[in-house]
Amino acid sequence: MISTNYNILVKIYLERIYAMEKRHTLTLNNGMKMPKMGMGTWYLGENKQTEETEIRALRVGIDAGIQLIDTAEMYGNGRSEKLIGKAIEGYDREKLFLVSKVLPNNAGRMHIFKSIQQTLSNLKTDYLDMYLLHWRGSIPLEETISCMEQLVKEGKIRSWGVSNFDTDDMEELFQIPAGRHCAVNQVLYHLGSRGVEYDLLPWLKEHNVPLMAYCPLAQAGDLRKGLLENKVVKQVAKNHEVTEIQILLAFVLHQGNVIAIPRSGKAEHVLQNQKACEIILTDEEYAALDAAYPAPTHKTYLDIV
């Protein structure tokens, strides 16, 4: 009897651990686990006066369990990467998930190997967990993919993906040998910008490619379009005793195949973002938000900022 009860308790414990892991991580097509919540760093590192505040925000986030940090060589011409390099100093590198992006004009054999070395130097690390093509340029995808695959073999990156790719771009990518190794597609996605739900998000789900949502809080001023003042958003926030910002994140994370990387240079905001992972919207709440900001019923171009 004791043995039977023990086995039941172990089973319950393992099921809870699995459910928690599923809520907080996704399994990529190469078997890697990727956190569903991260910290974006666009515009961070560009002002010396706010550097210490931004470093503290990143460290507070890491201490709170946020392992994913997203950046790009374009952000402040490497200053964002350098800020992260300072922030992660002293932490266990294996417990972090670092993502950076290469500019399209650097995504070929002539420049990508120099770009990755500069990124690694800025971040003070030996490898990236993921390297993304920031957007499509004139360099053929075949060449970029070949370079990405070589970087994986060299141990400079553990996986690669793309950013700002629409459905036709993804279809073209998957026709190229090794194109199916693409691990994520990072695009703009939030409650007020749901064009990806028409065909891109379903396509990504079908092909087991997570969508990495940048600007999930509808950053960049005009993009918010009154989201935080919307009566439905306010009511759902009141239901959960959280902020409207946290509801925007919960909406994005409600999709099972989505990773969110909200940007914040303040520790208190990073902690608020992290707690959004625990918010589970009811079917009724999701339906109300969906009605307030319906997804388009036709193909729309990707929003890009």
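Scroll up for the structure.
Residues numbered from 1 in each chain as written. Predicted model: local features only at pLDDT ≥ 70, side-chain atom pairs only at ≥ 80, totals over all residues. Heavy atoms only, no water.

(A) Just the side chain of Glu73, in detail. Locating Glu73 in the fold gives a position in the loop between strand 4 (68-70) and helix 3 (79-87). For the buried Glu73, no salt bridge is present, and the opposite-charge side chain at shortest range is Lys114, 9.9 Å distant. Side-chain polar atoms of Glu73 contact the backbone nitrogen of Leu103, separated by 2.7 Å. Residue contacts for Glu73: discarding those within four places in its chain leaves Gly78, Glu81, Ser100, Lys101, Val102, Leu103, Asn106, Ser115 and Thr119. (Helix = DSSP H or I, 4+ residues; strand = E, 2+ residues; numbered from the N terminus. Buried < 20%, exposed > 50% of the residue type's maximum accessible area, 1.4 Å probe, protein only. Lys, Arg positive; Asp, Glu negative; His and termini not counted. Salt bridge = Lys/Arg side-chain N within 4 Å of Asp/Glu carboxyl O. Polar contact = N/O pair within 3.5 Å; in protein donor to acceptor, adjacent residues only side chain to side chain. Contact = heavy atoms within 4.5 Å.)

(B) Examining the sheet that holds strand 7 (residues 160-163) more closely. Taken together, the eight strands give an open sheet; going across it, the order is 3-4-5-6-7-8-9-10, and neighbouring strands pair in parallel fashion. Unpaired on one side and paired on the other, strand 3 (38-40) and strand 10 (258-260) mark the two borders of the sheet. With strand direction ignored, the average angle separating the axes of adjacent strands in the sheet is 25°. Of the pairings in the sheet, the one linking strand 5 (residues 97-102) to strand 6 (residues 130-133) comprises four bridges and is parallel in character. (Pairing = 2+ DSSP bridges. Axes fitted to C-alpha atoms, helices over the stretch in contact; angles between N-to-C directions.)

(C) Examining the nonpolar core more closely. Formed by 93 residues in total, the largest nonpolar core has its most connected members in Met34 and Met170. By residue number, the principal contributor to this core is helix 9 (residues 244-253), which donates eight residues. What Met34 contacts, discounting residues up to four positions off in sequence, is His24, Thr25, Leu26, Leu28, Leu68, Phe97, Val99, Met130, Val184, Met212 and Ile259. (Core = buried A, V, L, I, M, F, W, Y, C linked by side-chain atoms within 4.5 Å.)

(D) Here's a closer look at the packing of helix 2 (residues 51-63) against helix 3. With their axes 9 Å apart at the nearest point, helix 2 and helix 3 run at an angle of 60° to one another. Viewed along their axes, helix 2 and helix 3 adopt a mutual orientation that is oblique. Both helix 2 and helix 3 take part in a crossing whose hand is right-handed. Note on element contacts: helix 3 touches helix 2 through Leu83, Ile84, Lys86 and Ala87, opposite Glu51, Glu54, Ile55, Leu58 and Arg59. A class-by-class count of the residues in the contact of helix 2 with helix 3 yields five nonpolar, no polar and four charged. (Parallel < 35°, antiparallel > 145°, perpendicular 65-115°, else oblique. Left-handed = near helix turned anticlockwise from the far one by under 90°. Nonpolar A, V, L, I, M, F, W, Y, C, P; charged D, E, K, R; others polar.)

(E) Seen up close, the environment of Leu200. The topology assignment puts Leu200 in helix 7 (residues 200-206). Spatially, the C-alpha atoms of Leu200 and Glu171 are 10 Å apart, while their sequence positions differ by 29 residues. Not counting the four nearest positions on each side in its chain, Leu200 is found in contact with Phe165, Asp166, Thr167, Met170, Asn185, Val187 and Leu302.

(F) Representation of the pattern of salt bridges within the structure. Under the defined criterion, the tally for this structure stands at 14 salt bridges. With a closest N to O distance of 3.5 Å, Glu244 and Lys234 form a salt bridge. Of this pair, Glu244 sits in helix 9 while Lys234 is found in helix 8 (residues 231-240), placing the two residues ten residues apart along the sequence. A single salt-bridge network, built from bridges that share partners, covers Lys48, Glu51 and Lys86.

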